[in-house]
Amino acid sequence: MDANIAILYLKSLYQRLMAPIKYGVMHMRQITKLHDFNWVFDQDYCGRILKGDFSDKLKRRVAECILLFRNFNATANPSLPYISAWHEDSDKSIWYEFAASKLLDLLKCQSCEVSEIFRDSIIKWCSYDYEANNDTVSQKMLCRTALTGMRKKLRDDGKLSGNVEAVYKIALQDNKIIWLKDMASVESFQDDRICLSLGALMDVTKEMEKEEQRQAEEEELRGKHAALEKELEKQSKKLWKTQIEMIYRLAQAAGYHDNSTGLHITKMSHYCDILSEAVGLNNEERELLFHATSMHDVGKIAIAEAILQKPGKLDEHEFELIKTHSVIGAKLLSGNDSPLLEMAQSIALNHHERWDGAGYPNGLCGDEIPLSGRIAAICDVFDALTSERPYKKAWRINDALSEVKKGRGTKFDPELVDLFLSRKSHIADIKRRFQVDHEQGCA
Ligand SMILES: [Fe+2]
Ligand SMILES: [Fe+2]
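Owing to the predicted nature of the structure, the values given are computational and were not obtained by experimental measurement. Numbering of residues starts from 1 in each chain and follows the order in which that chain's sequence is written. The order in which chains are written sets their letters, starting at A; the order in which ligands are written sets their numbers, starting at 1. Where local features are concerned, this predicted model is filtered to residues with pLDDT of at least 70; where side-chain atom pairs are given and counted, the filter is 80 or more; whole-chain, interface and lining totals use all residues.

Participant: How would you sum up the pairing of strand 2 (residues 95-99)? Please name residues and give values.
Facilitator: In terms of residue burial, strand 2 counts as a mostly covered element, since four of its five residues are buried. Any two strands between which DSSP finds at least two bridges are classified as paired. To qualify as a helix, a DSSP run of H or I must reach at least 4 residues; to qualify as a strand, a run of E must reach at least 2; elements of each kind are numbered from the N terminus. As paired strands, strand 1 (residues 80-87) and strand 2 are joined by four bridges and run antiparallel to one another. When the sheet's bridge partners are listed, serine 84 is paired in strand 2 with tyrosine 96. Exposure criterion: with C-beta atoms placed from backbone coordinates, a residue whose C-beta has 20 or more other C-beta atoms within 10 Å is buried, one with 12 or fewer is exposed, and one in between is partly exposed.

Participant: Report on the confidence of the model for the protein chain, specifying residues and quantitative values.
Facilitator: A residue's pLDDT is the confidence the predictor assigns to it, expressed on a 0 to 100 scale. Across the protein chain, pLDDT averages 82, with 79% of residues at or above 70. Within the protein chain, helix 17 (residues 414-422) carries the highest mean pLDDT (97), whereas strand 4 (residues 136-142) carries the lowest (46). When the criterion is pLDDT under 50, residues 21-26 qualifies, and its contacts beyond four places in sequence or with other chains add up to five contacts. The contact criterion used here is simple: two residues whose C-beta atoms, placed from the backbone, lie within 7 Å are in contact.

Participant: Quick rundown of the environment of isoleucine 49? Include the residues and the values.
Facilitator: Relative to the helices and strands, isoleucine 49 resides in the loop between helix 3 (38-42) and helix 4 (56-74). When near neighbours in sequence (up to four residues on either side) are disregarded, isoleucine 49 contacts Phe54, Leu58, Lys59, Val62, Ala85 and Glu97.

Participant: So what's going on with helix 17? Residues and values would help.
Facilitator: Restricting attention to buried positions, one finds in helix 17 the residues Leu416, Val417 and Phe420. For helix 17, the arc enclosing every buried residue in end-on projection is 105 degrees, short of the 170-degree limit, so these residues lie on one face. Those residues of helix 17 hidden inside the fold are in contact with helix 9 (262-279), helix 15 (371-386) and helix 16 (397-406). In this description, the arc belongs to the directions extending from the helix axis to the C-beta atoms.

Participant: Go over unusual backbone geometry, please, and point to the residues and values.
Facilitator: In the segment running from tyrosine 360 into proline 361, the intervening peptide bond is cis, with an omega of 10 degrees. Along the chain, proline 361 falls in the loop between helix 14 (339-350) and helix 15. In this structure, lysine 108 takes a positive phi of about 55 degrees despite not being glycine. Inspection of the secondary structure assignment puts lysine 108 in the loop between helix 5 (101-107) and helix 6 (114-120). For lysine 108, a count of 12 C-beta atoms within 10 Å translates into the label exposed. At arginine 193, a position not held by glycine, the phi torsion is positive, near 55 degrees.

Participant: Any details on the pairing of strand 6 (residues 177-189)? Residues and values, ideally.
Facilitator: Pairing geometry for strand 6 and strand 7 (residues 194-203), over 10 bridges, is antiparallel. Bridge pairing links valine 186 to serine 197 in strand 7.

Written as structure tokens, this is what we have:
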């Protein structure tokens, strides 16, 4: 039976089972039966209430339900009615007043053994919300150790709400696994301190096996997905490391050609990081800028060494040639959509633009110049000033900072200049860390 139909059937049957018994519509013979319980003992009655010292009200309720449940049990409906009970003041262990013979057949036991099976053989408990819309069964599984507390909670909840709804996975003696859907109504008899659970079970083994298989497949897919994600992350990290290594090697190659040291690239990256942190870039953006800035002068690889290493002043033609390194560098780094290379390309192109629009190659001004280019412009000049070159000595930090300040609002973004000057101690730390013996130290 399809789970959907089975559950709907169970719900409608359950309502019928739980409807209050109207004496008016009952046969006289049946009413008599509710005052004389001997008929109950005709069959295999293992309960305690009808033989015990309990109120007539409780006994009548148990008897009328047994009568109804036996009638239902005799029909062709697939539900398995039962009546369980527990004493509210004792350890609340359950016993059964009635168990449908079909249930006994399924469990392969006597009625007096039902409570034992439910106590010892339930290996999984779950809520069981059938969603007709998307044809799925959502479960909440509990481990075996949680079951004892769960059963108590189930009974307490049932007493409070008047209803119990659950699914049990039961391991039978022959290792056969069955799933039973339970829907019950809990009634409390305060005079006797007894609770009755009037319920019906439905064998939903087929549906739940399908559901378990679906969940196992889902779990397997999740596992494969996680493994793939892990592999992808590993490959991404590898690719990132390769990219970084390549750009540093290329930057180094350009540096050898330019006769500048690898230290210029390293220091400039650190100065840029100080400034990008001051601006408020996030860690990911800072890391990109840190590495991308090392490529700012890669275009110099296409400029003749004689010009790059000329000790004297460059003539106009030579300077025009030098200026082409920004466009050449950007071209070298173009055609790749990696964020690192995109930023490197932008920095290579824009690090000689000026805030007032008098820079090159495009004469951008103000915010038209990408932030990374404006940051690199300040740090490039600062490090060039504080480093020794074939044609000049290294400037002292304070002198170089004064020079940067002079460019505030003309060469450089004024706000970035302020931030740069405010980070003097950090800048000095970097300068000291990468100090070359013959260069001068702090101010
Ligand atoms: Fe440059
Ligand atoms: Fe540079």
